[in-house]
Amino acid sequence: MTTTERTRRTDRPRRTALRRLDSGQLLLICAAGLVAVAGVADTAAVGLDRPEIAIGFGALIAVGELARLTMPGNREVAPIGAAAALGYTLLLDLSQHPLRHSALQVVAVIAVGMVAGALPHLAVGRPPRLDAMARRLLTGALLAFAFRPLADPLYRLTESPSSTWWPALAVMVTLITAALLLDVLVAALLRAEQVRTAFRVAVRDELSMAFPLGAAVAASGVLLALATHSMDLVALLVFAAPLLVTQVAFRKYAGIRATYLQTVRALSRVTEVGGYVEPGHSRRVSRLALAVGRELGMAEPELLELEYAALMHDIGQLSLRDPIPGGATVLADPEQARRIAELGAEVIRQTGVLDRVAEVVRRQCDPVEDDPPLSSRIIRVANAYDDLVGPSKDRDRATAALERLRQSAGYDRRAVDALARVIDRVRL
C-alpha cells in the first residue's frame, strides 16, 4: 500500500465525521474554537497568574478528558474534567492569598487541559466528539466570564470582620444553575436536530437524563473550590480519587447498557438467520418505530423499551413449525399473529428483567379498542408497513401501504400519521 493510499484511508473517517455535523454543531465548534484561541492568546501575552495552580487544575482536567465516557443516549461526558474546570473557575483564594486569574486564563487552562486529555485518544484512533468538547468548553467559559469579575469582591466579603461564605455560595450556586440550564438548552437543540425529535421532548430528556449528572458535577466543583481554600492543592488529590472511582462505576454501567443492547440486537437476528423473516426486517422495524416514537413525543427511557420490543417483536415465530411466507405477520390469521406475540412475550419474560418489554410485545396485535400501550401500537404499525414494503424505496408502494394502514380499523391513526411524516427521513 502506498503512502498516498494510507493517507486517503486515514482521512476518510475524518471527512465522514465532518459530514455528519449539522449546522448547529459546526457553529458551536467554531464558537468554542474562537473562545479557546482568545483565551490562549491573552494568557500567552500577559502570562499565567499562579502557574502552579493553573498547571494542577489543568492536569486534572486532562485526566478527566482522558477518562471521558459515553453515557446512555450517546452522551459523551467527562465528569472529572468538568468538576476540575468548575473548581478552577470558582477559586477565590489559596493559602489565604486571593487569586485574581482572569476569565480568559480559565478558558486557556480548560482548553489546554481538554486538548491534552484528547491527544491519547486521537493517537489510538478514538477521536472525541467535537460538539461535546465544545459544549463543555463554552459552558466553562460562560461561567468564568460571569463569575471571575465577582471573585475579588466576594473574597473581600469573606475576609471582612463579619466573615461569611453564604453570599459567595449563593452567587456560585446561582451562576452554576444558570450555566447548567443553558447547557441543557444547547444540548436539547443539538439533540432535537440529530435524532429528529421535538425540542420540548429533547429538553425533557436532557433534564431527566443529563441534568442530574451535571448537578452532581457542579456540587463537586463547588466543594473542590471550597476545599482548596483550606487544603491548598492537596484538595485536588483528595477529590480526584473518589471522583475517579465514581466515574469507573459510571463506565461499567454504560458498558453494561451498551452490551445489553448489542445482545438484544444479536438475538433479534435469530429469526432472520432461521429464515422466519426477511433479512433486515427487525432492524427496519426498530428504526421506523423509534422515529415514530420520537415524532409522538415519547421520552428517552420509553424509546429504549420501544427499541428492545421492536427488535424482538417477531421472536415468537421461532415456535412455528412452518414459517409464515416471508415472515409477514400482517398477512397471517389474527389468532396466529396473537399467538406468536404471546409466545415471544413469554420468551422475553424469561430474562427476568424485561417484563415491560415483554408486555409491549404481547400486546402488539391487540386492536386499538383494547387500549394497548402506545409502544405496542407503534410496533404494530411499523411491522405492518415493513411487511408490505420491505426494503423497497418505491414511493408508490409506500403510499399504497400507508393508505392500506389508514383504511384498516386495527391500527392506531396517530401512529400511522406519524409514520407518514417520518418515512422520508428514516434511512433504512
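In every chain, residue numbers begin from 1 and rise along the written sequence. Local features in this predicted model are restricted to residues whose pLDDT is 70 or higher, and side-chain atom pairs enter the listing and the counts only when it is 80 or higher, whereas totals over whole chains, interfaces and linings include all residues. Only heavy atoms go into the side-chain values, all of them from the structure, while hydrogens and water stay out.

Some remarks on helix 7 (residues 166-195)
Now for step 1: Spanning 30 residues, helix 7 covers 42 Å between terminal C-alpha atoms, matching the ideal 44 Å at 1.5 Å per step.
Now for step 2: Think of it this way: any DSSP run of H or I at least four residues long counts as a helix, any run of E at least two long counts as a strand, and we number them from the N terminus. Count one or two residues on from helix 7 and you reach Arg196, which has phi positive near 60°. What a helix should span is 1.5 Å times the count of its residues minus one.

Side note on the packing of helix 4 (residues 79-90) against helix 6 (residues 130-158)
Now for step 1: Axes, fitted as lines to C-alpha atoms, cover a helix only where it is in contact. Angles between the N-to-C directions of the axes lie from 0 to 180 degrees. Where helix 4 contacts helix 6, the axes come no closer than 9 Å and their chain directions differ by 15°. By the angle class used here, helix 4 and helix 6 are roughly parallel. Judged by the sense of rotation from one axis to the other, the crossing of helix 4 with helix 6 is right-handed. On helix 6, the residues touching Leu86, Tyr88, Thr89 and Leu90 of helix 4 are Gly140, Leu143, Ala144, Phe147 and Arg148. Should an angle fall under 35 degrees it is taken as roughly parallel, and over 145 as roughly antiparallel, whereas 65 to 115 is taken as roughly perpendicular and any remaining angle as oblique. Crossing chirality is assigned from the near helix's rotation relative to the far helix, an anticlockwise turn below a right angle marking it left-handed and a clockwise turn marking it right-handed. In what follows, a contact means two residues having at least one pair of non-hydrogen atoms within 4.5 Å.

Let's talk about the pattern of salt bridges
Now for step 1: Any Lys or Arg side-chain nitrogen found within 4 Å of a carboxyl oxygen on Asp or Glu counts as a salt bridge. All told, the structure shown has 22 salt bridges when counted by the stated rule.
Now for step 2: In this structure, Glu76 and Arg68 form a salt bridge, with 3.2 Å as the shortest nitrogen-oxygen distance. Taken as a pair, Glu76 and Arg68 share a single burial class, namely buried.
Now for step 3: Glu76 sits in the buried class, given a relative accessible area of 10%.
Now for step 4: Taken together, the shared-partner salt bridges in this structure form one network comprising Glu65, Arg68, Glu76 and Arg136. Exposure categories follow from relative accessible area, calculated using a 1.4 Å probe and restricted to protein chains: below 20% of the type maximum is buried, above 50% is exposed, and the middle band is partly exposed.

Comments concerning the packing of helix 5 (residues 103-123) against helix 6
Now for step 1: Taken N-terminus to C-terminus, the directions of helix 5 and helix 6 make an angle of 160°; their axes are 8 Å apart at the nearest point. It follows that helix 5 is roughly antiparallel to helix 6 by the angle criterion. Classified by chirality, the crossing of helix 6 by helix 5 is right-handed. Along the contact surface, helix 5 presents Ala103, Leu104, Val106, Val107, Ile110, Ala111, Met114 and Ala118, while helix 6 presents Met133, Arg136, Leu137, Gly140, Ala141, Ala144, Phe145 and Arg148.
Now for step 2: Residues are grouped as follows: Ala, Val, Leu, Ile, Met, Phe, Trp, Tyr, Cys and Pro are nonpolar; Asp, Glu, Lys and Arg are charged; every other residue, Gly included, is polar. Of the residues in the contact of helix 5 with helix 6, the class split is 13 nonpolar, 1 polar and 2 charged.

Things to note about the packing of aromatic side chains
Now for step 1: Ring pairs shown here join Phe, Tyr and Trp side chains whose ring centres sit within 6.5 Å, with only the six-membered ring taken for Trp; geometry is labelled stacked below 30 degrees between planes, edge-to-face above 60, and tilted in between. Summed over all chains, the structure comprises 1 aromatic pair.
Now for step 2: In this scheme, Lys NZ or Arg CZ marks a charge over a ring once it lies within 6 Å of the ring centre and within 35 degrees of the ring normal. In this structure, Arg380 packs its charged tip against the face of Tyr411, placed 4.8 Å from the ring centre.

Some thoughts on the nonpolar core
Now for step 1: Residues grouped as a nonpolar core are buried Ala, Val, Leu, Ile, Met, Phe, Trp, Tyr and Cys residues, joined through side-chain atoms within 4.5 Å. Formed by 59 residues in total, the largest nonpolar core has its most connected members in Tyr88, Leu137 and Ile176.
Now for step 2: Top element by residues in this core is helix 6. It accounts for 10 residues.
Now for step 3: Setting aside its immediate chain neighbours within four residues, Tyr88 contacts Ile53, Ala54, Phe57, His101, Gln105, Val106, Val109 and Arg148.
Now for step 4: Ranked by size, the runner-up nonpolar core spans 43 residues in total, among them Val285, Leu290, Leu311 and Ala382.

As for the side chain of Arg75
Now for step 1: On the secondary structure map, Arg75 appears in strand 2 (residues 75-77).
Now for step 2: When its relative accessible area of 10% is taken as the criterion, Arg75 is described as buried.
Now for step 3: Engagement of the side chain of Arg75 in a polar contact is seen with the side chain of Glu206, the distance being 3.1 Å.
Now for step 4: At a separation of 2.7 Å, a polar atom in the side chain of Arg75 contacts the side chain of Glu300.
Now for step 5: Once you skip the residues sitting within four places of it in the chain, Arg75 turns out to touch Leu69, Thr70, Arg129, Arg191, Asp205, Glu206, Met209, Ala210 and Glu300. Counted as a polar contact is a pair of N or O atoms within 3.5 Å, where, for protein atoms, one must be capable of donating a hydrogen and the other of accepting one, and residues adjacent in sequence contribute only when both atoms are in side chains.

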